[in-house]
Amino acid sequence: MATQQKLRLVARSGPQQGRIFSLCEERIALGRDASCELRLDDPKVSRIHAFFERKDDEVYFRDNRSTNGSLINGVRVTQQKVNPGDIVQVGGTEFAVMEDDEFTTIQFISGESVVTHSVEANSVTPDKLAEKFASVFAQYSDIRPKPGQEIPRQIRLVGGIKALFRMSHKLSQLLPMEELMHVVADGVFEMFPGAENVAVLLRDPDAGRITSRFARNRSGEQTLTLQISSTVLNRAIQDKSTVLANDASSDQRFSASESILGFEVKSVVCAPLVAADKAIGAIYLDNRAKEMRYDEFDSELITAYANQCAVAVNNCRLCDDLQESYHQMLQSLVNAIEAKDPYTAGHTQRVKEHTIGIAQELDFEPDRLVRLEMAAELHDIGKIALEDGLINKPGRLTETEFHTIKSHVEMGEKILQPITYLRDLLPWIRGHHERWDGKGYPDGRRGEQTPLEGRILAVADSFDAMTSQRSYNKPMTFQEGLQRVKADSGKHFDPAVVEAFERYIRRRIEADEADSDPEGGTLETMRAKEAARVLQRLNEQEPTPRDGIAPNTEPFKRPIPDPQTHPTP
């Protein structure tokens, strides 16, 4: 006899966040209605949205034809068996499916426990901890150096450790390399109030050389030409130890260094950035206008700080390498799509350009632009599963062939669904053939039911189809394509997106005219001529045995389908 599956739901977000629901009943209704066993007060959830049902000792999720649909692991479903580890999304609520015994593995002893002190996890910050540390040395708070005197050691000690605490929190975040460099410099100037210049040098992973990555002075000038002592740098890198000199020109270790004498360096500190026992760079600070007296504590402080910076730099590089690998993978997929059909060569790049142009007119943030750019590169990935030649078949397509072409949207979603890094792009890619009036595919979504990114892709994709050479139609000019898009505003396309598109494309047209070739015409005209030449060469080729048809001598005779019933693929 089969063992009955025992599952529970844990609400990870939404109005029921943190609550746990058992799935032991034969049927559990989920929705806004008061009669539902699992009630969600969410306008995105239908009155009776879905059911969890038991069938043959297993639990199934069934969507009750809800308005906004339901997702399991990021994929829209109507009915599906649920398993431990699945994520069910209904409206703004995510439920994690877990085995019932996962909540009983820890047994608590009955009785009262004495809690002497408790601290909320989010209440302890490095800044607060640093201030608490500083309070221990409150007796030094009134010590102020006289003009011309050095900062007392006690104040430097407190200030340095406070800064180290504070910067450790910032360095633990995964930051872009350029932003990380600013954070590193800020930390140096905060820990060493007398430092005048700072530079961060990193080893080039390909060339193996240590090169300057960032340089700044205390006033914030980043473009200054900071010449540093290679003698000091080489010593720190080779020995993997911090080098400190207060009177560098008189220090026997560096007295022969032309850079020390020529740059008139008075005080210098250089700490290596060591990660996995390898010197990946260095932090270099010096004083040239005014001598700064550094001591053993300063050497230890900058060493501790450099160790934290090395980890942050290493993490940043690993993240950059991972993103580069993803980008290379995406580019391979894009190349595979365009290799299937010469007519679509360059389509992805042009759609990406139009998409980013529209999004910039809509004031998208940089991070959002990056994600949208990826979606534009992958919007047609599902076409890789279509038969060769079907997309640009010269003759009339059958109804079955149209349905096959339209399936590329859902096929693309299935191809990308296993890649967690791309999961947030799936609704945009799925929605790039939806229409504002609800007559698109695959879901017939209307208006803002399609994400904004999907509505932007719809305009960019359609415009390029209008203005590029295809086997079944002549390309329009940009002006003609713009008028066609405007004519479909409020029907096929989101009016707000069309307005942004018009601003973008008019700028493109003006730039095109400014860059026109006196002999060949505008860039747009030259591109159209080149497309025509490509088409002519294709038509002159002998048919391959697989084609089994004569060369197409009338490439523009294919009837253009009614966009209401057969949208452009």
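Up top you'll find the structure we're talking about.
What counts and what doesn't
- Residues numbered from 1 in each chain as written.
- Predicted model: local features only at pLDDT ≥ 70, side-chain atom pairs only at ≥ 80, totals over all residues.
- Heavy atoms only, no water.
- Pairing = 2+ DSSP bridges.
- Helix = DSSP H or I, 4+ residues; strand = E, 2+ residues; numbered from the N terminus.
- Axes fitted to C-alpha atoms, helices over the stretch in contact; angles between N-to-C directions.
- 1 Å grid on protein atoms, 1.4 Å probe; cavity = no way out; pocket = protein on both sides within 12 Å on 5 of 7 lines; lining within 4 Å.
- Points joined across faces, edges and corners; volume = space filled by probe spheres on them.
- Nonpolar A, V, L, I, M, F, W, Y, C, P; charged D, E, K, R; others polar.
- Parallel < 35°, antiparallel > 145°, perpendicular 65-115°, else oblique.
- Contact = heavy atoms within 4.5 Å.
- Core = buried A, V, L, I, M, F, W, Y, C linked by side-chain atoms within 4.5 Å.
- Buried < 20%, exposed > 50% of the residue type's maximum accessible area, 1.4 Å probe, protein only.
- Salt bridge = Lys/Arg side-chain N within 4 Å of Asp/Glu carboxyl O.

(A) Region of the structure containing the sheet that holds strand β8 (residues 75-77). Strand order in the open sheet made by the six strands is β2-β1-β11-β10-β7-β8, with antiparallel pairing throughout. Of all the strands in the sheet, the pair left with one neighbour each is β2 (20-22) and β8. Going across the sheet, the axis of each strand differs from the next one's by a mean of 30 degrees, ignoring polarity. Direction of pairing for strand β10 (residues 87-90) relative to strand β11 (residues 93-99): antiparallel, over a ladder of four bridges. For I87, the partnering residue across the bridge sits in β11 and is A96.

(B) Seen up close, the sheet that holds strand β3 (residues 27-31). Taking strand neighbours across the sheet as the criterion, the five strands line up as β4-β3-β5-β6-β9 in an open arrangement whose pairing is mixed. Because the sheet does not close on itself, it has two edges, and the strands there are β4 (38-39) and β9 (79-81). As paired elements, β3 and strand β5 (residues 50-55) share four bridges and run antiparallel to each other. Bridge pairing links L30 to A50 in β5.

(C) Up close: the layout of surface pockets. Of the pockets and cavities examined, the second largest pocket occupies roughly 630 Å³. The wall of the second largest pocket is formed by 23 residues, among which N68, L71, Q89, P427 and R445 lie closest to the centre. By residue number, the principal contributor to the lining of the second largest pocket is helix α11 (residues 426-430), which donates three residues. Of the residues that constitute the lining of the second largest pocket, the class distribution is five nonpolar, 10 polar and eight charged.

(D) The arrangement of the packing of helix α6 (residues 296-339) against helix α8 (residues 366-378) in detail. Interhelical geometry of α6 versus α8 gives an angle of 30 degrees and a closest axis separation of 9 Å. One way to sum up the angle between α6 and α8 is to call them roughly parallel. Across from H327, L330, Q331, L333 and V334 in α6, the residues of α8 making contact are M374, E377 and L378. Here the residues of the contact of α6 with α8 sort into five nonpolar, two polar and one charged.

(E) Broad picture of the environment of G438. Structurally, the position occupied by G438 is in the loop between α11 and α12 (452-467). In the structure, G438 is positioned 11 residues away from Q449 in sequence and 9.2 Å away in space, judged by C-alpha atoms.

(F) Looking closely at unusual backbone geometry. The linkage connecting Y441 with the following residue, P442, adopts the cis geometry, with an omega of 10 degrees. Within the secondary structure, P442 is located in the loop between α11 and α12. Within the chain, R65 stands out as a residue other than glycine whose phi angle is a positive 55 degrees. Mapped onto the secondary structure, R65 falls in the loop between β6 (58-63) and β7 (70-72). For N73, which is not a glycine, the phi torsion comes out positive at approximately 55 degrees. Positionally, N73 belongs in the loop between β7 and β8.

(G) Fine view of the nonpolar core. By size, the foremost hydrophobic cluster in this structure holds 40 residues, and its most contacted members are L180, F192, L273, I283, I302 and Y305. Elements that contribute at least two residues to this core include exactly α2 (153-171), α3 (177-191), β12 (197-203), β15 (267-275), β16 (278-287) and α6. Here the element with the most residues in this core is α6; it accounts for 10 residues. Those residues in contact with Y305, other than ones at most four positions away along the chain, are L164, M167, L171, V183, V184, G187, V188, M191 and I283.

(H) Local environment of the pattern of salt bridges. Within the structure shown, the criterion is met by 27 salt bridges. The salt bridge involving D464 is made with R350; its shortest N-O contact spans 2.5 Å. With D464 in helix α12 and R350 in helix α7 (residues 347-361), this residue pair connects regions lying 114 residues apart in the sequence. For D464, a relative accessible area of 0% translates into the label buried. A residue is classified by how much of its surface remains accessible, and R350, at 14% relative accessible area, is buried.

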